[in-house]
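Geometric and topological summary
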Amino acid sequence: MTSRVPLVSGNDTPAASRALLDAVNGAFGATPNMFRAVANSPAALQAMWGFFGALGGGTIPPKLGEQIAVAVADRDACEYCLAAHTALGRKAGATPAEMSAAQGGESADPATAAALRFALKLVEQRGQVADSDVAALRAAGFSDGQVVEILAHVALNLFTNYVNVAFAVPVDFPGVKLRSAA
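Definitions and cut-offs
- Residues numbered from 1 in each chain as written.
- Predicted model: local features only at pLDDT ≥ 70, side-chain atom pairs only at ≥ 80, totals over all residues.
- Heavy atoms only, no water.
- Helix = DSSP H or I, 4+ residues; strand = E, 2+ residues; numbered from the N terminus.
- Contact = heavy atoms within 4.5 Å.
- Core = buried A, V, L, I, M, F, W, Y, C linked by side-chain atoms within 4.5 Å.
- Buried < 20%, exposed > 50% of the residue type's maximum accessible area, 1.4 Å probe, protein only.
- Axes fitted to C-alpha atoms, helices over the stretch in contact; angles between N-to-C directions.
- Parallel < 35°, antiparallel > 145°, perpendicular 65-115°, else oblique.
- Left-handed = near helix turned anticlockwise from the far one by under 90°.
- Nonpolar A, V, L, I, M, F, W, Y, C, P; charged D, E, K, R; others polar.
- Phe/Tyr/Trp six-rings, centres within 6.5 Å; stacked < 30°, edge-to-face > 60°.
- Arc of directions from axis to C-beta.

Thoughts on the side chain of Asn164
Secondary-structure assignment places Asn164 in helix 9 (residues 144–166). When near neighbours in sequence (up to four residues on either side) are disregarded, Asn164 contacts Met34, Cys78, Tyr80, Cys81 and Val169.

Listed below in structure tokens is the structure:
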């Protein structure tokens, strides 16, 4: 499959995207295709990379962030993000079973399960959640700031999912089978 937008590299990279792509490369040890597609727009690349950086400095643990990402990716049928975040989740300490369960919006940990339920409700109901949905997160031990961060993780993942699905970005991580397509 060919990407619907160029995957920029070398001299084809807009000048304003080069430093950010160097930072991406430094973080990953390579430049994932998703970032090469987004680099066509320096503004979009800056927004995406900044969003990742900001949430990386948040209070939601990296493992939970990756579990949210795979749940949202599976729901959006984004093979790219499912593959990438499954690999990143493993690096963040999740077991294969935990990542597989998260893909289906499930976890043996009650707090993680509550976060995944909320994340998927946000996606499925386009943000139309109830007071009781937010209260369930608080009851699971999340602070108001963490409730907002969970929503931010969902928003970032919608952005990345849409980039990869809309532009048919070739997956350059080990593949993971979608549950939603099964």
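What follows picks up the thread again.
Some points on the nonpolar core
Judged by nonpolar contacts, the single largest core of 42 residues is most densely connected at Ile68, Leu137, Phe142 and Ile150. Of all elements in the fold, only helix 1 (15–28), helix 2 (33–38), helix 3 (42–56), helix 4 (62–75), helix 5 (79–91), helix 6 (96–103), helix 7 (110–124) and helix 9 reach the threshold of two or more residues within this core. For this core, the leading source of residues is helix 7, giving 8 residues. In contact with Phe142, not counting residues within four places along its chain, are Ile60, Leu64, Ala111, Ala115, Leu137, Val147 and Ile150.

Some remarks on the packing of helix 4 against helix 5
Running from amino to carboxyl end, helix 4 crosses helix 5 at an angle of 160°, the nearest separation of the two axes being 9 Å. Compared by their axis directions, helix 4 and helix 5 come out roughly antiparallel. Of the two elements, helix 4 crosses helix 5, and the hand of that crossing is left-handed. On helix 5, the residues touching Glu66, Ala69, Val70, Ala73 and Asp74 of helix 4 are Cys81, Leu82, His85, Thr86, Leu88 and Gly89.

Details of the environment of Leu151
Here Leu151 lies in helix 9. For the pair formed by Leu151 and Ser132, sequence separation is 19 residues and the distance between their alpha carbons is 15 Å.

A word on the packing of helix 4 against helix 9
Here helix 4 crosses helix 9 at 45°, and the two axes come no closer than 9 Å. As summarised for this structure, helix 4 and helix 9 are arranged oblique, according to the angle between their axes. Remark: the crossing between helix 4 and helix 9 carries right-handed chirality. Of the residues in helix 9, those touching helix 4 at Gly65, Ile68, Ala69, Val72 and Ala73 are Ile150, His153, Val154, Asn157, Leu158 and Asn161. Grouping the constituent residues of the contact of helix 4 with helix 9 by class yields 7 nonpolar, 4 polar and no charged.

Overview of the packing of aromatic side chains
Inspection of every chain in the model, using the stated rule, returns 5 aromatic pairs. Centre to centre, the rings of Phe35 and Trp49 are 5.5 Å apart; their planes meet at 85°, and the pair counts as edge-to-face. Of this pair, Phe35 sits in helix 2 while Trp49 sits in helix 3; the two residues are 14 residues apart in sequence, bridging distant segments of the chain. The partly exposed category is assigned to Trp49, whose relative accessible area is 22%. The structure contains a cluster of three or more aromatic residues connected by ring pairs, namely Phe28, Phe35, Trp49 and Phe52.

A word on the environment of Phe159
Checked against the element boundaries, Phe159 lands in helix 9. A residue is classified by how much of its surface remains accessible, and Phe159, at 27% relative accessible area, is partly exposed.

Remarks on helix 6
For helix 6, the full list of buried residues reads Met99, Ala102 and Gln103. Buried residues of helix 6, viewed axially, fall in a sector of 105°; they line one side. Looking at the buried side of helix 6, the elements it contacts are helix 4, helix 5 and helix 7. At the exit of helix 6 stands Gly105, carrying a positive phi of roughly 80°.

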